[in-house]
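What follows is the residue order along each chain.
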Amino acid sequence: MDRRTVLKGLAGAGSLALTGGLSAPAIAQGAAARTLRFVPQANLANFDPIWGTQYVVRNAAAMVWDTLYGIDSSFQPQRQMVESEEVTDDGTTWTFKLRSGLKFHDGAPVLSKDVVASLTRWSARDPMGLMIKALQQELTAVDDRTFKWVLKQPFPKMLYALGKNNSPCAFIMPERIAQTDPFKQISEYVGSGPLKFAKSEWVPGAKAVFEKFADYSPRQEKSSWLAGGKQVMVDRVEWVIMPDPATAAAALQNGEIDWWENPIADLVPVLKKNKNISVDIGDPLGNIGSFRMNFLYPPFNDVKARRAVLMALSQEDYMRAIVGDDNSLWKSLPGYFTPDTPLYTEVGGEILKGKRDLDAAKKLLAESGYSGQPVTCLVAQDQPITKAMGDVTADLLKKLGMNVDFVATDWGTVGSRRAQKTPPGQGGWNMFHTWHAGADCVNPAPYTAIRANGDKAWFGWPTSAGTEKEVTSWFEAKNLDEEKAAIGRLNKAAIDDVVYAPTGFFLSYTAWRKNVSGVTKGPLPLFWGVSKSA
Amino acid sequence: MLSYILRRIVATLPVMAIVALFVFSLLYIAPGDPAVVIAGDQASPEDVERIRQSLGLDRPFLVQFGSWVWRILHGDLGTSIFTNLPVSAMIGQRLGPTLSLMIVTLLLTIVVAVPLGVVAAWKAGSLIDRVIMGFAVFGFSLPVFVVGYMLAYIFALELEWLPVQGYTPLTQGFWPWLENLILPAIALGCVYIALVARITRAAMLEVLQQDYIRTAKAKGLGQGGILFIHALKNAAVPIVTVIGIGIALLIGGAVVTESVFAIPGLGRLTIDAILRRDYPVIQGIVLLFSFVYVLVNLMIDVTYTLVDPRIRY
Amino acid sequence: MTDTTVNPQSLPAGLILAPQLPDILRPVKIRRGFIGLLRGHPTVAIGGALLLTLVLIAILAPYLGTVDPTALAPAKRTRAPSADFWFGTDVLGRDVYSRVLFGARVSLTVGLSVAIFASAAGLAIGMISGFIRWADGILMRFMDGLMSIPPILLAIALMALTRGSVGNVILAITIAEIPRVSRLVRSVVLSLREQPYVDAAVACGTRTPMIILRHILPNTVAPMLVQATYICASAMITEAILSFIGAGTPPTIPSWGNIMAEGRALWQVKPYIVFFPAVFLSVTVLAVNLLGDGLRDALDPRMAKSL
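Definitions and limits used
- Starting afresh in each chain, residues are numbered from 1 along the sequence in its written order.
- Both sets of labels track the order of writing: A upward for chains, 1 upward for ligands.
- Selection of residues for local features in this predicted model requires a pLDDT of at least 70, selection of side-chain atom pairs for listing and counting requires 80 or more, and totals for whole chains, interfaces and linings are taken over all residues.
- Values shown for side chains rest on all heavy atoms present in the structure; no hydrogens or waters enter the calculation.
- Counting from the N terminus, the helices are DSSP H or I runs at least four residues long and the strands are E runs at least two residues long.
- Put simply, the radius of gyration uses C-alpha atoms, and a globule should come to 2.2 Å times the residue count raised to 0.38.
- Exposure classes here rest on a 1.4 Å probe applied to the protein chains alone. A residue is buried below 20% of its type maximum, exposed above 50%, and partly exposed in between.
- Contacts were defined at the residue level, with two residues in contact if any of their heavy atoms lie within 4.5 Å.
- Here the accessible surface of atoms and residues is derived via Shrake-Rupley with a 1.4 Å probe, and residues count as covered only by protein chains that are part of the display.
- In this description, strands pair whenever DSSP reports at least two bridges between them.
- For helices, the fitted line uses only the C-alpha atoms of the stretch in contact; every axis is such a line through C-alpha atoms, and the angle between N-to-C directions lies from 0 to 180 degrees.
- The term buried area means the drop in 1.4 Å probe accessible area that two parts suffer when joined, counted for both and summed.
- A pairing counts as a salt bridge when a side-chain nitrogen of Lys or Arg comes within 4 Å of a carboxyl oxygen of Asp or Glu.
- Any pair of nitrogen or oxygen atoms within 3.5 Å is treated as a polar contact; in protein, a donor-acceptor pairing is required on top of that, and neighbouring residues in sequence qualify only through side-chain atoms on both sides.
- Under the grouping applied here, Gly and all other residues not named as nonpolar or charged are polar, the nonpolar ones being Ala, Val, Leu, Ile, Met, Phe, Trp, Tyr, Cys and Pro and the charged ones Asp, Glu, Lys and Arg.
- Each residue gets a pLDDT score, which is the predictor's confidence in that residue and runs from 0 to 100.
- Throughout, disulfides are identified as pairs of cysteine sulfur atoms within 2.5 Å of each other.
- Aromatic contacts are taken between Phe, Tyr and Trp rings whose centres are within 6.5 Å, Trp giving its six-membered ring; a plane angle under 30 degrees counts as stacked, one over 60 as edge-to-face, and the others as tilted.
- In this scheme, the term charge over a ring applies when either NZ of a lysine or CZ of an arginine sits within 6 Å of the ring centre and within 35 degrees of the ring normal.
- To estimate how far a helix should extend, the number of its residues minus one is multiplied by 1.5 Å.
- Here the bend at a residue is taken as the angle between two axes, fitted respectively to the seven residues that end there and the seven that start there.
- Throughout this description, the term nonpolar core refers to a set of buried Ala, Val, Leu, Ile, Met, Phe, Trp, Tyr and Cys residues connected via side-chain atoms within 4.5 Å.
- A domain assignment, automatic or from a database, supplies the domain bounds used here.

Q: Residue-level account of the overall build of chain A, with values.
A: Scanning chain A from N- to C-terminus turns up 16 helices and 21 strands. For a compact globule of 534 residues, the expected C-alpha radius of gyration is about 24 Å, and chain A comes in at 25 Å, within 12% of that figure. Projected onto its principal axes, the C-alpha coordinates of chain A cover approximately 85 × 65 × 40 Å. Here chain A, with 534 residues, has 60% of them falling under the buried criterion.

Pasting the structure below:
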């Protein structure tokens, strides 16, 4: 018994004497054991997983809303809400049948019309959804449990699109909610997932509460990522938002929280020393750091200037700045695809390997015609990852002889400013940092950042005909060998044109109290199967 | 008296109007387009424009300001851009923790600082006085977050006497509520205690030199009686004043304290809202804070008549 | 109302310490000279000496065994203090000793600039309100409005409008401090106008600028000087808080607030990253506060007597 418990006991005795109450502490303890207190990576500021694409929203939404298919740990889409599907031989007409007994949290059954409305809203916002929408002839409910998606051309990656874990996921909502304009937020959070969202207890920026949904009917299979039976073992999951990592670390050591999604690397040694805490890699797919350049304006409109950056940047510096001294947490990444996944390749990545050649880089930069114009770097200070990379970049560009205009700001501002296509001096920019979840970089389907179709591409608007051609050939690939070949060519083309500069691959830990069991590795924190003893 | 209060209330109206205009124009000229943020990563320029229109962001300044004031006068603070929740509800959720923190800090300050100041004045020039005033100067000199980290480290992590973070509503018991507020209140109160202790000392010194204190001493009244009944009562006006003015200090400090101790209060809401440029929320909060400040100072003016019967309006 | 009451609005919020300034002031006369001042008021001497040392450290930073405070060395990160790294290294392997010494420049620049600019602007606004009746109402309503927004919040909000730079930090904190100074100046002016010798001057037909120059300004110097030191101290703390929140000095410039903000998460494991800048900040603020207290005692004879 520690001193705090004694103090509490004394206070408890006092209040007992005052109120004559009984067994209140016992009840509190029982409830505590059935409540999982979790510190997420970021604040759940809004809760519409189609409208908002932040990972934290997706992670919360995966508890509340279910999907038709779910990706398992081998990246295969498995049936989740769907009982069976059929596709015509020409690949254009998909017919799906829902499992029976699916219910929304308000008690209403899940019907085809709900699915049709949900998929319509999703396909207006999701990159893969947009591809399907472009091919769509009709999406209709056949009966209460059957619906049909008719396309003009085959779309072989249909099931992957419906089950992928990349935001926005194809979550199924009741029709009345799904009819909300896709560019406006929903205001009701009713799903058919294993947990209900307790809206009355939601304090954006501080707390979000999820309660077990008693009427959820999990699948019989073992759970694997977003697939299989989602068995919830606690009554409540409480998300506690902590803006200060030092506070979160202390709270975990004190047992005030049960699970901390992303402890910063430098605090991990302290957590590991604590006999009540388990620490492990959370997401084996990790993250890829990105140094994103603007193709529209000098100096980075010239491939030579972009290659000069690749030639000079030390991924080790970036990675150490992010993960600290733990060498098991990072890898150098001479390419764009997630290490240890089927399509990983290093083809064409020589420029990122070996000793860094600052002089050659300077020479190349000079050839590009760079002559000291200011280079506007947007760096979000409120994200440890972008902040650390920004500091390294300021140093790197200075060494390259560039005149750095360092715009230290917050993530929200980076988010809006990076969309500006105006010149850097007039509200635009030259480079910013971000990172991509490894799960999003396993293949080109969810990988918006690798696309290089100019104006239509992600921020920076890279143009690389070679890259785009190989994206198409991957989508058309019939088997894994063809896919691999296409990805090899894609990687080379993207590095040659420097679609963006990868700063390395890094993993992060997750930490939980030893009385919590069932925490599994995955691309997002998975709450099913997690239990807690007193 | 009543007419005085009424006059004071009327006098606060232009102040509030200026705050409103100031806050609104501040955010009107702020960089960063909320429509872009709202539309999200995959939105096209047309989508952004549609959102801008639906938020009314494309209308002229005065029109936007007018409709904003109109809605506020009807008690509608608007809807948060990011959470899609009513601003009044968001502020309501956060009021409890911040109010609790303020009250505990205020009580702590009065209980600690006033006696310290009285003793320092009584023993003016002595070692005790120097030590107390030394601490008071030191209290000014420490950033609130450094104090917060030190307290959390010593009393929560090492000694395990108190929780590191969080907030428990009063409805779940007095001790759980207080337990979570002790460390933040000390951290937040540091500057405030220093300030009030110094003012108390200065005001007491002033009063202790007055004739009636000498008379009281001559009458043979006890030291305690003189200090705490006669002198303190007469020194109360500046002390009460500075306590009121210090509310602004507390609100500012709460912004940092709440994030160090993970208290879900208005301070954190403010930071979040400013960083995300959540216009309606920032406007609502600043208006609220100004309102509270004006109200507290109004209350203090009224208090003068209670502590100092010589004051008549 | 009796003369011992304090109008709450005449009291600048925050760090003001002399509750009843105006009616007790006499023209400043320091008869004993500078040395006498120091001898009679040891706090001035201590505070002044400390501050002078810090200013020297800031100016001489490049010659005090420092290296480039922004040079990264990720391979040598978070080293504990040692003979090589006196104050250790931070999360990016930068030398904390060099950063703290160069950081003194930022903190002192911010503190002093805000004190000067806020005093100057406050003086101007206060004088105008004290002498021009019609402007008084407008200006003071505006100041009341600004003053009712907590200064740190106001500074944060202003910083959100613009990008982080030392100049903008100074501007934001200055704006947040102006209302209090102008209130103080105005109340001094108003009470001086009631003084018999000012009345006499007015009666003699002395023109307003002359009255200001001869009677008002000299009497405003003392409370202004004292107030300026407190503004300086609070500005340095505010700068640290702004950086701590991420809305202050850009991270490419080492300031004490930035160093602490970057080390805060590691407080439990690498306390020295926060410790050294915190000590420097506290000592600096302490020095300025001591100086202010000492000056107040020296320039305000009645207060001095009671000490």
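Still more to cover.
Q: Account for the overall build of chain B, naming residues and giving values.
A: Along the backbone of chain B there are twelve helices and zero strands. Within chain B, the proportion of its 313 residues that are buried is 56%. Across chain B, contacts joining residues at least 24 apart in sequence account for 72% of those joining residues at least 6 apart. Element-wise, carbon and sulfur atoms account for 72% of the exposed surface of chain B, whose accessible area totals about 12600 Å².

Q: Tell me about the sheet that holds strand 16 (residues 403–409) of chain A, residues and numbers included.
A: Residues and elements named next belong to chain A. If you trace the six strands from one edge of the open sheet to the other, you get 14-18-13-17-15-16, paired in mixed fashion. The open sheet has two edge strands, strand 14 (330–331) and strand 16, and neither has a second partner. Alignment of strand 14 against strand 18 (residues 501–506), held across two bridges, turns out to be antiparallel. The partner of W330 across the bridge, within strand 18, is F506. In this fold helix 11 (residues 315–323) packs onto strand 13 (287–293), strand 14, strand 17 (431–437) and strand 18, with an angle of close to 45° to the strand it touches most, strand 18.

Q: Describe the interface of chain C and chain A, listing the residues and the values that go with them.
A: Across the boundary between the two partners, chain C contributes 20 residues, which contact 26 residues of chain A. Carbon and sulfur atoms make up 55% of the area that chain C and chain A hide from each other, which totals about 1900 Å². The largest per-residue losses of area from chain C upon contact with chain A belong to R77(C), R163(C) and Q268(C), which jointly make up 26% of the total buried on that side. If you look at where chain C meets chain A, you find four salt bridges. Our enumeration of links across chain C and chain A arrives at six residue pairs in polar contact (both at pLDDT 80 or more). In terms of residue class, the side of chain C that touches chain A is made up of ten nonpolar, four polar and six charged.

Q: Account for the confidence of the model for chain A, naming residues and giving values.
A: Per-residue pLDDT for chain A averages 88, and the proportion of residues at 70 or more is 94%. Low pLDDT, under 50, characterises residues 1–28 of chain A; the predicted model gives this stretch 21 contacts beyond four residues in sequence or across chains.

Q: Tell me about the environment of I172(A), and please be specific about residues and values.
A: The topology assignment puts I172(A) in the loop between helix 6 (158–163) and helix 7 (175–178). Residues I172(A) and Q41(A) lie 131 residues apart in sequence; the distance between their C-alpha atoms is 25 Å.

Q: Lay out the environment of G91(A) in plain terms, naming residues and giving numbers.
A: All names here are of chain A. You can see G91 is positioned in the loop between strand 4 (82–87) and strand 5 (93–98). Residues G91 and D126, spaced 35 residues apart in sequence, show a C-alpha to C-alpha distance of 21 Å. When sequence neighbours within four positions are dropped, the list of residues in contact with G91 reads Q153, P154 and F155.

Q: How would you explain the pattern of salt bridges if you had to name every residue and give the values?
A: Applying the stated criterion to the full structure yields 37 salt bridges over all chains. A salt bridge links K492(A) to D496(A), with the nearest nitrogen and oxygen atoms 2.8 Å apart. Of this pair, K492(A) and D496(A) both sit in helix 16 (residues 480–497), four residues apart, roughly one helical turn. One network of salt bridges, with partners in common, ties together K387(A), D391(A), D90(C), R94(C), R99(C) and E262(C).

Q: Outline the sheet that holds strand 7 (residues 146–151) of chain A, listing residues and values.
A: Backbone hydrogen bonds hold the strands of a sheet together, and the pairing may be parallel or antiparallel. Residues and elements named next belong to chain A. With antiparallel pairing, the four strands of this open sheet are ordered in space as 4-5-7-6. Of all strands in the sheet, those with a lone pairing partner are strand 4 and strand 6 (136–143), marking the two edges. This sheet shows a mean twist of 15° between the axes of neighbouring strands, independent of strand direction. Packing against the sheet, helix 4 (residues 112–123) makes contact with strand 5, strand 6 and strand 7, and its axis sits at approximately 160° to strand 6. The strands touched by helix 5 (residues 127–135) within the sheet are strand 6 and strand 7, with strand 6 carrying the most contacts at an inclination of about 95°.

Q: I'd love a proper account of the state of the cysteines, names of residues and values included.
A: All names here are of chain A. As enumerated under the stated definition, the model contains zero disulfides over all chains in all. In this structure C169 is a free cysteine whose sulfur lies 15 Å from that of C441, the closest cysteine sulfur available. Classification of C169 as buried rests on a relative accessible area of 1%.

Q: Describe the packing of aromatic side chains, with residues and values.
A: Residue and element names in this part refer to chain A. Evaluation of the coordinates by the stated rule reveals 38 aromatic pairs over all chains. Ring geometry for W458 and F459: centres 5.2 Å apart, planes at 55°, overall tilted. Given a relative accessible area of 9%, F459 falls into the buried group. Relative to F475, the ring of W474 has its centre 5.0 Å away and its plane inclined at 75°; by these criteria the two rings are edge-to-face. Grouping residues by exposure puts W474 and F475 together as buried. An aromatic cluster of three or more residues is present, and its members are F38, F47, W65, F171, Y189, F197, W202, F210, W239, W259 and F527. A cation sits over an aromatic face here: K157 above W474, 4.3 Å from the ring centre.

Q: Just give me the short version of unusual backbone geometry, but keep the residues and values in it.
A: A negative phi angle characterises most non-glycine residues, just as the trans form characterises most peptide bonds. All names here are of chain A. With omega at -10°, the peptide bond leading from S167 into P168 counts as cis. By secondary structure assignment, the location of P168 is in the loop between helix 6 and helix 7. In the segment running from P298 into P299, the intervening peptide bond is cis, with an omega of 0°. As for its position among the elements, P299 is in the loop between strand 13 and helix 10 (303–312).

Q: Which residues make up helix 8 (residues 245–253) of chain A, and what are the values?
A: Residues and elements named next belong to chain A. Counted residue by residue, helix 8 has eight buried out of nine residues, so it is predominantly covered. For helix 8, the set of buried residues is A246, T247, A248, A249, A250, A251, L252 and Q253. Of the residues flanking the start of helix 8, the one acting as N-cap is D244, its side-chain oxygen 3.0 Å from the backbone nitrogen of A246. Once helix 8 finishes, G255 follows within two positions and takes phi at roughly 75°, a positive value.

Q: Explain the pairing of strand 1 (residues 35–39) of chain A to me, and be specific about the residues and the numbers.
A: All names here are of chain A. Within strand 1, four of the five residues are buried, which leaves it mostly tucked inside the rest of the structure. Relative to strand 10 (residues 236–240), strand 1 runs parallel, the two sharing four bridges. Within strand 10, the position partnered with T35 by the bridge is R236. Pairing of strand 1 with strand 11 (residues 259–260), which is carried by two bridges, proceeds in the parallel orientation. If you follow F38 over to strand 11, its bridge partner there is W259.

Q: Describe helix 8 (residues 208–245) of chain C, with residues and values.
A: What sets the pattern is the α-helix's 3.6 residues per turn: residues three or four places apart point alike. Residue and element names in this part refer to chain C. Compared with an ideal rise of 1.5 Å per residue, which puts 38 residues at 56 Å, helix 8 spans 46 Å between its outermost C-alpha atoms and falls more than 12% short. The largest bend in helix 8 amounts to roughly 45° and is located at I216, with the proline P218 lying one to four residues further along. Within helix 8, 28 of the 38 residues are buried, which leaves the element mostly enclosed by the surrounding structure. Downstream of helix 8 by a residue or two, G246 has a phi angle that is positive, lying close to 95°.

Q: Could you give me a rundown of the nonpolar core, with the residues and numbers involved?
A: With 341 residues, the main nonpolar core has F47(A), L68(A), L119(A), W149(A) and F210(A) as its most contacted residues. Broken down by element, the residue count for this core peaks at 18 residues, all from helix 8 of chain C. Split by domain, this core shows at least three residues from each of two domains, domain 1 (16–76) and domain 2 (95–307) of chain B. Among all residues touching W149(A), those that are not within four sequence positions of it are T92(A), T93(A), W94(A), F96(A), L119(A), W122(A), I132(A), Q136(A), E138(A), L139(A), M158(A) and L162(A).

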